[in-house]
Amino acid sequence: MESKKIVIAGGSGLVGKALNKHLTELGHDVYVLTRSPKANQKSFFWNPVEGEIDEKAISNTQVLINLVGQGIADKRWTDQRKKELINSRVKPTEFLFKSFKKSQDLQHYISASGINCYPLENYNKVYTEEDEFGSDFLSHVVKLWEASADQFEEICAVAKLRISVVLTEKGGALDTIAKPIKMYVGSPLGSGKQWMPWISIKDLTRMFAHVIDHRLKGAYNAIANANTNKEFTEKLAKALNKPLYLPNVPSFILKMILGEMSSMVLEGINASHQKIENTGFNFQYEELDEAFQFLYESK
């Protein structure tokens, strides 16, 4: 693999830290964009709100990775929150495009995206990257997110990874799901039949590296597999050596608590990873039991 200068926006998050570590281990020269550069960190200052960026972040950078975006499930979806979720993805991307537009060095722009871009109505369908977006709010977010990324096609190759639930023991969605199970109050949600698409953090960072190495273009589903919510909950409880005593949490309770955001846990999507596999990528963890074993038993 040819060594490249890589800059990561959103590099201080869960995926960003793991990706920085993996790409550095592969021999790349990796920097993160941050509002608070540290002496012991390879980083460049930027403030997309104020329109500020260190010019050294642009010079000689061959690959730009954008992971920026506020957490979808962090707060209830008020009208204001919806605007924040969209703007936190689109506006930094537009600023990056404006900053890199005249770059003679940039070869590749890679954007995080979301697997929840497909319609929620068809439980039996396995979606591919060629399928249309859905009509719900999350699909709308992803559509605008990817459209902003596509601006970079004017100057370089553009790839978008539609990321599913990322399995890592260091936090994120899995930690949120595991907490009630560890406290003996875990149970499937709603019908328990809804799909939960997932990918291990190890496979996700390997996929980013694969995209860079092969300079891939277009959208790719970053999903190793999908299990029903019931299967996922039961397998996670088994991995944690915890029993499940309680019945499923009724859908109406989740709707009362979460409002429109309840669609994230009550509706599910299954998608194909055939497109990325056709480029030569292989998943190390395609079975949930194996992924949980790696996360919990190898530590």
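For the structure, check the block above.
The structure presented is a predicted model; accordingly, all values stated were derived computationally and were not measured.

A.B. asks: Help me out: how do you make sense of the overall build of the protein chain in this one?
C.D. replies: Of the regular secondary structure elements, the protein chain holds 10 helices and 13 strands. Against the globule reference of 19 Å for 299 residues, the protein chain gives a C-alpha radius of gyration of 19 Å, in line with a compact fold. Taking the principal axes of its C-alpha atoms as reference, the protein chain extends roughly 60 × 45 × 40 Å. Burial statistics for the protein chain: of 299 residues in total, 51% are counted as buried. For the protein chain, contacts bridging at least 24 residues in sequence account for 78% of all contacts bridging at least 6. Between the averaged position of the 37 positive side-chain charges in the protein chain and that of its 36 negative side-chain charges there is a distance of 4 Å.

A.B. asks: What exactly am I supposed to notice about the packing of aromatic side chains here?
C.D. replies: Two aromatic rings are characterised by how far apart their centres lie and by the angle between their planes. Scanning the model with the defined rule gives 11 aromatic pairs in all. Through a chain of ring-to-ring contacts, the aromatic side chains of Phe97, Tyr109 and Phe152 assemble into a single cluster. Taking NZ or CZ as reference, lysine 5 lies 5.6 Å from the ring centre of tyrosine 31, over its face. Seen from the ring of tyrosine 31, lysine 42 lies directly overhead, with NZ or CZ sitting 4.8 Å from the centre.

A.B. asks: What's the story with the sheet that holds strand β12 (residues 225-228) in this structure? I'm lost.
C.D. replies: Whenever strands of a sheet pair, they do so through backbone hydrogen bonds, lying parallel or antiparallel. With mixed pairing, the three strands of this open sheet are ordered in space as β9-β10-β12. Looking at the sheet topology across the chains shown, the edges are occupied by β9 (165-167) and β12. Pairwise comparison of adjacent strand axes, ignoring direction, gives a mean angle of 45 degrees for this sheet. Examined bridge by bridge, β9 and strand β10 (residues 195-200) share three bridges and lie parallel to one another. Within the sheet, the bridge partner assigned to valine 165 lies in β10 and is tryptophan 198. Against the sheet, helix α10 (residues 288-297) touches β9, β10 and β12, its axis set at about 50 degrees to β9.

A.B. asks: Whenever I open this one, the side chain of serine 187 confuses me. Can you help?
C.D. replies: Relative to the helices and strands, serine 187 is located in the loop between α4 (172-182) and β10. Residue serine 187 is classed as buried on the basis of its relative accessible area of 10%. At a separation of 3.2 Å, a polar atom in the side chain of serine 187 contacts the main-chain carbonyl oxygen of proline 247. When near neighbours in sequence (up to four residues on either side) are disregarded, serine 187 contacts Thr233, Leu244, Leu246, Pro247, Asn248 and Val249.

A.B. asks: I keep staring at α10 and nothing clicks. Help me out?
C.D. replies: Residue pairs three or four apart in sequence face the same way in an α-helix, which turns once every 3.6 residues. By the burial criterion, the buried members of α10 are Leu288, Ala291, Phe292 and Leu295. Buried residues in α10, looked at end-on, bunch into an arc of 95 degrees, giving them a common side. The inward-facing, buried residues of α10 abut β9, α4, β10, β12 and α6 (229-239).

A.B. asks: Just to check I follow, could you spell out the environment of lysine 255 for this structure?
C.D. replies: Take lysine 255: it is sitting in helix α7 (residues 251-258). The residues contacting lysine 255, other than those within four sequence positions of it, are Ser262 and Leu266.

A.B. asks: Explanation requested: the side chain of asparagine 66 in the structure shown.
C.D. replies: Within the element layout of this structure, asparagine 66 appears in strand β5 (residues 63-66). Beyond its immediate chain neighbours, meaning those up to four positions away, asparagine 66 contacts Ala9, Thr93, Leu96, Tyr109, Ile110, Ser111 and Ala112.

A.B. asks: Teacher, can you tell me more about the pattern of salt bridges here?
C.D. replies: Side-chain pairing between opposite charges can occur once the charged atoms of the two side chains come close. Counted by the stated rule, this structure contains 13 salt bridges. We note a salt bridge from lysine 42 to aspartate 29, for which the minimum N-O separation is 2.3 Å. One end of the pair, lysine 42, is in the loop between β2 (29-34) and β3 (43-47); the other, aspartate 29, is in strand β2, with 13 residues separating them in the sequence. Take lysine 42: its relative accessible area is 42%, and that puts it in the partly exposed class. Assessed through its relative accessible area of 27%, aspartate 29 is described here as partly exposed.

A.B. asks: Where do I start with the pairing of β10 in this structure?
C.D. replies: Walk down a regular strand and you will see the side chains alternate between the two sheet faces. For β10, the tally of buried residues reaches six of six residues, placing the bulk of the element in the interior. Once the chain exits β9 it traverses α4 before rejoining the sheet at β10, and the crossover so formed is right-handed. The pairing of β10 with β12 spans four bridges and is classified as antiparallel. The residue of β12 that forms the bridge with tryptophan 198 is asparagine 225.

A.B. asks: Can you walk me through the sheet that holds strand β6 (residues 108-114) in this structure?
C.D. replies: Read from one edge of the open sheet, eight strands run β4-β3-β2-β1-β5-β6-β8-β11, paired in mixed fashion. Two strands close off the open sheet at either side, each with one partner strand: β4 (52-53) and β11 (218-222). Where strand β1 (residues 5-9) lies against β2, five bridges are found, and the strand directions are parallel. Paired with isoleucine 6 across the two strands is valine 30, which belongs to β2. Strands in contact with helix α3 (residues 137-149) are β6 and β8 (157-163); relative to β6, the strand with the most contacts, it is inclined by about 180 degrees.

Procedures and definitions
Residues numbered from 1 in each chain as written. Predicted model: local features only at pLDDT ≥ 70, side-chain atom pairs only at ≥ 80, totals over all residues. Heavy atoms only, no water. Helix = DSSP H or I, 4+ residues; strand = E, 2+ residues; numbered from the N terminus. Rg over C-alpha atoms; globule rule 2.2 N^0.38 Å. Buried < 20%, exposed > 50% of the residue type's maximum accessible area, 1.4 Å probe, protein only. Contact = heavy atoms within 4.5 Å. Lys, Arg positive; Asp, Glu negative; His and termini not counted. Charge placed at Lys NZ, Arg CZ, Asp CG, Glu CD. Phe/Tyr/Trp six-rings, centres within 6.5 Å; stacked < 30°, edge-to-face > 60°. Lys NZ or Arg CZ within 6 Å of the ring centre and 35° of its normal. Pairing = 2+ DSSP bridges. Axes fitted to C-alpha atoms, helices over the stretch in contact; angles between N-to-C directions. Polar contact = N/O pair within 3.5 Å; in protein donor to acceptor, adjacent residues only side chain to side chain. Arc of directions from axis to C-beta. Salt bridge = Lys/Arg side-chain N within 4 Å of Asp/Glu carboxyl O. Right-handed = clockwise from strand over helix to strand, strands pointing away.

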